[in-house]
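Each chain, letter by letter, is given below.
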Amino acid sequence: MNIRKTMARVAGVGAVTAAALGLFSTGAANADTFVPLPGGTITKTLTDGTVVTVKLVGESAVISPSMGSTPVHRNAWVSGSAQVELSGANGDVGGKIRPGYVVGCQVNIDGGGTEVGVEAGSDWEGNASGGGTVGGSLSLGPGQARAFYLLDLEAADDFGNEDHTGKNKFKGSHGSVTWADSTIGLSGCGGYAQARAFVQVQVETDNVMSWITLWGQPFSLG
């Protein structure tokens, strides 16, 4: 296990990650705002007949007043669960799940976020494209957006060396990743700011490899 800004624990086909748990004040001068989010679902039928359903459930955010006490600092704690179900496949099936968020400063992220390189299938075996990173501490100026990934899982590579990945592997017809109170810390943005969850899923069967991206609803960081 590797503990950085994100703590991740893998058990069976599921992964749980928690980052920098927030202690939420209820005082009037420092009140947090709880934002329930609708999550989402997407279903895709692959060319070999495998039906893939990706769900984002239990999604929420807690928006906190700036720890820096200035308009250019934003803080939020986000929670949710990504779930994948496969049906109708013959033979071995499985895949990988990589959840994350896109954060934008004075930029519209309603269009799917492809401008920051997190479209389906992007750079699965290498570094995050479009400036994507692991961990939610970001510095953005007006008109900028960036993706970050929630997981930082440690495993040995083919040569026994330490390797890190933002993807949780699963075998069989079910897989999931759950996160609780993961931090989004934004600095440098003097205007409005938004964030949006995404779940990238790579599915592998005996005959097909395919990629699916599910987007959550954008929400304001203030």
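Residues numbered from 1 in each chain as written. Predicted model: local features only at pLDDT ≥ 70, side-chain atom pairs only at ≥ 80, totals over all residues. Heavy atoms only, no water.

Going by the annotation in an unreviewed UniProt entry, the name recorded for the protein chain is MspA family porin, with Nocardia huaxiensis given as the source organism.

Colleague: I'd like to hear about the overall build of the protein chain, residue by residue, with values.
Modeller: Counting its regular elements, the protein chain contains zero helices and 17 strands. Buried residues in the protein chain amount to 48% of all 222 residues. Counting only carbon and sulfur atoms, one obtains 52% of the accessible surface of the protein chain, whose full area is about 10,200 Å². (Helix = DSSP H or I, 4+ residues; strand = E, 2+ residues; numbered from the N terminus. Buried < 20%, exposed > 50% of the residue type's maximum accessible area, 1.4 Å probe, protein only. Areas by Shrake-Rupley, 256 points an atom, 1.4 Å probe, with all protein chains shown as cover.)

Colleague: Explain the environment of V103 to me, and be specific about the residues and the numbers.
Modeller: Along the polypeptide, V103 turns up in strand β7 (residues 94-105). Look at V103 and you get buried, because its relative accessible area is 0%. Taking the C-alpha atoms as reference, V103 lies 6.6 Å from R196; in sequence the two are 93 residues apart. The residues touching V103, leaving out its near neighbours within four places in the chain, are L138, L140, Q144, A145, R146, F148, I184, L186, Q194, A195 and L221. (Contact = heavy atoms within 4.5 Å.)

Colleague: How would you summarise unusual backbone geometry if you had to cite specific residues and measurements?
Modeller: Phi is positive for Q106, which is not a glycine, with a value near 50°. For Q106, the position within the fold is in the loop between β7 and β8 (133-134).

Colleague: Can you lay out the packing of aromatic side chains for me, pointing to particular residues and giving the numbers?
Modeller: Using the criterion set out here, one finds four aromatic pairs in the structure. Seen from their ring centres, Y101 and F148 are 6.0 Å apart, and the 20° between their planes marks the pair as stacked. Highlighted residues: Y101 in strand β7 and F148 in strand β10 (residues 144-149), separated in sequence by 47 residues. Across this residue pair, the class does not change: Y101 and F148 are buried. Between F198 and W215, the aromatic rings sit 5.6 Å apart at their centres with planes inclined by 50°, giving tilted as the arrangement. One end of the pair, F198, is in strand β15 (residues 193-204); the other, W215, is in strand β16 (residues 209-215), with 17 residues separating them in the sequence. Judged by relative accessible area, which is 1%, F198 ranks as buried. Ring pairing ties together the aromatic residues Y101, F148 and W179, which thus form one cluster. In this arrangement the basic side chain of R98 is found over the ring face of Y149, its NZ or CZ atom lying 4.3 Å from the centre. (Phe/Tyr/Trp six-rings, centres within 6.5 Å; stacked < 30°, edge-to-face > 60°. Lys NZ or Arg CZ within 6 Å of the ring centre and 35° of its normal.)

Colleague: A description of the environment of D152 should follow, citing residues and the corresponding values.
Modeller: For D152, the position within the fold is in the loop between β10 and β11 (153-156). Relative accessible area serves as the criterion here: at 4%, D152 is assigned to the buried category. A C-alpha to C-alpha distance of 8.0 Å links D152 and K167, two positions 15 residues apart in sequence.

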